[in-house]
Every structure is written in structure tokens, then in C-alpha cells.
Amino acid sequence: MADVYEQGELTPLQRHVAFFDRDKDGVIYSSETYEGFRAIGCGVPLSAAAAIFINGGLGPKTIPENEKTPPFKLPIYVKNIHKGKHGSDSDVYDAHGRFVPEKFEKIFKKHAHTKPDALTGKELQELLEANREPKDFKGWLGGFTEWKVLYYVCKDKDGFLHKDTARAVYDGSLW
Ligand code: HEM
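To start, this report covers the structure provided alongside it. Please read all numbers here as calculations on a predicted model, not as lab measurements.

This part covers the site of the ligand. Lining the immediate environment of the ligand, one finds 23 residues, of which His16, His86, Asp89, Ser90 and Tyr170 sit closest. Measuring from an oxygen atom of the ligand, one finds a backbone N or O atom of Ser90 at 2.9 Å. Elements with a contribution of two residues or more to the shell around the ligand: helix H1 (12–18), helix H3 (44–62) and helix H6 (137–154). It is H6 that contributes the most residues to the shell around the ligand, four residues altogether. A per-class count over the shell around the ligand returns 16 nonpolar, four polar and three charged. Residues lining the shell around the ligand come from more than one domain, with at least three contributed by each of domain 1 (1–84) and domain 2 (100–175).

This part covers the side chain of Ser90. Note on placement: Ser90 falls in the loop between strand E2 (76–77) and helix H4 (101–111). Side chain to side chain, Ser90 and Asn131 meet in a polar contact 3.1 Å long.

This part takes up the nonpolar core. Of all hydrophobic cores here, the largest spans 34 residues; its most connected members are Ile107, Trp147 and Tyr170. For this core, the elements supplying multiple residues, two or more each, are H1, H4, helix H5 (121–131), H6 and helix H7 (163–171). Ranked by residues supplied to this core, first place goes to H6 with four residues. Both domains that furnish three or more residues to this core are identified here as domain 1 (1–84) and domain 2 (100–175). With sequence-adjacent residues up to four places away left out, Trp147 is seen in contact with Ser90, Ile107, Leu124, Leu127, Leu128, Leu161 and Tyr170.

About the criteria used
Residues numbered from 1 in each chain as written. Predicted model: local features only at pLDDT ≥ 70, side-chain atom pairs only at ≥ 80, totals over all residues. Heavy atoms only, no water. Near = heavy atom within 4 Å. Polar contact = N/O pair within 3.5 Å; in protein donor to acceptor, adjacent residues only side chain to side chain. Helix = DSSP H or I, 4+ residues; strand = E, 2+ residues; numbered from the N terminus. Nonpolar A, V, L, I, M, F, W, Y, C, P; charged D, E, K, R; others polar. Domains from an automatic or database assignment. Core = buried A, V, L, I, M, F, W, Y, C linked by side-chain atoms within 4.5 Å. Buried < 20%, exposed > 50% of the residue type's maximum accessible area, 1.4 Å probe, protein only. Contact = heavy atoms within 4.5 Å.

Have a look at this one:
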């Protein structure tokens, strides 16, 4: 068991990713991201793409100084996951990976037009567009992927993404 799990409470963002640290050694290798996506029911192509893009994109930002790691395994360090934050997000996680309730409520106040506690696919698109910072193409892609995958995996049969589900993603209890 890695230090990060033994040194007090995890931040909500650390809890968000801990499920994917399959062996709880504090490092999420691309093979573990792949396994985690498969475990929540995603198919082979999406799981493989997630493993390459999430670990390839996020991993380098999280590697501690002087740490020697096999780069081809694309490690993500759970203790530094807050460094993986990108622009054009909802700011529900702050710079330390803590949960900011007001920002979370704002998502639904501003964009949940059809039902107060859920988002349709169109409303989700509106959220993504509202979050976009100019020319932040990496951030756009990050936000797009996170929210679209969530919608794809968790929407109900009528196409609604429920507030409780989104809340559970942020606190890491959904999986
Ligand atoms: C099916 C799997 C996953 C889904 C559906 C998902 C979804 C989300 C959502 C909706 C957000 C909030 C974005 C915002 O506030 O605008 C988020 C944030 C984040 N996720 Fe995930 N995520 C998944 C897996 C992962 C994995 C495997 C990692 C890395 C190991 C990861 C790292 C992050 C990070 C670093 C953030 C913070 C981004 C920011 O606030 O700028 N996620 N994710």
C-alpha cells in the first residue's frame, strides 16, 4: 500500500482516480486505466484510447522530481493528481483537488433547463461551451472527453445525466 493512502484523508480528486489504481501502489499505469475502464463496462476501443490519452496527457505532469519511472508505462502519480488539472474545466475541483460546492451547484443552476437535477446531452454541450477558455485546445479536449464519457456511461434511458451521479464522480464514490 502506497504512502498516499496512508497519510490521512485523500482529496476528492485523489478519490476520483483511486479506483483506477488497481494495485493501490499510488501509481496508475496505462494498463490500470485500461483495466479500470473495462471494469466499469467500457469497450476495448474506448478503454484503450483512454489508457493512451489520459496517461499520456496527464501522467508527465504528475511525476515527482527525480523520480525514475519506465516512461513507456505512462505512470500517473495519485499524490500529484491535482497537477493534472487543465483549463476550460468547471472549477469544481480547486487547485489542490478539493471539492467546491458552489461551483458544482452553478453547473445545474445555469445549465439544467429541462429538469433542475439533471442535464440533457444538449445542456451538457452548453456547459462545455460555457467552460471554454479562448484557444485552450488541450483544455477543451480534456473537458469534452471527461463529460462526454461520463454522459455516455451514466445517462439514464431518457438521456438525462443526474446531479447525484455527477456529484458521485466528483467525490469518487461512483466507482
Ligand atoms: C470513466 C472514467 C472517468 C470519467 C467519466 C471522468 C470524468 C470526469 C469529470 C466529469 C470531471 C470534471 C471536469 C470538470 O470539472 O469540468 C473529471 C475531472 C478530472 N478527472 Fe476524471 N474521469 C474519469 C477517469 C479519470 C482518470 C482515469 C483520471 C486519471 C487517472 C482522471 C483524472 C481527472 C482529473 C485530473 C480531473 C480534474 C480536471 C480539472 O478539474 O481540470 N479521470 N473527470
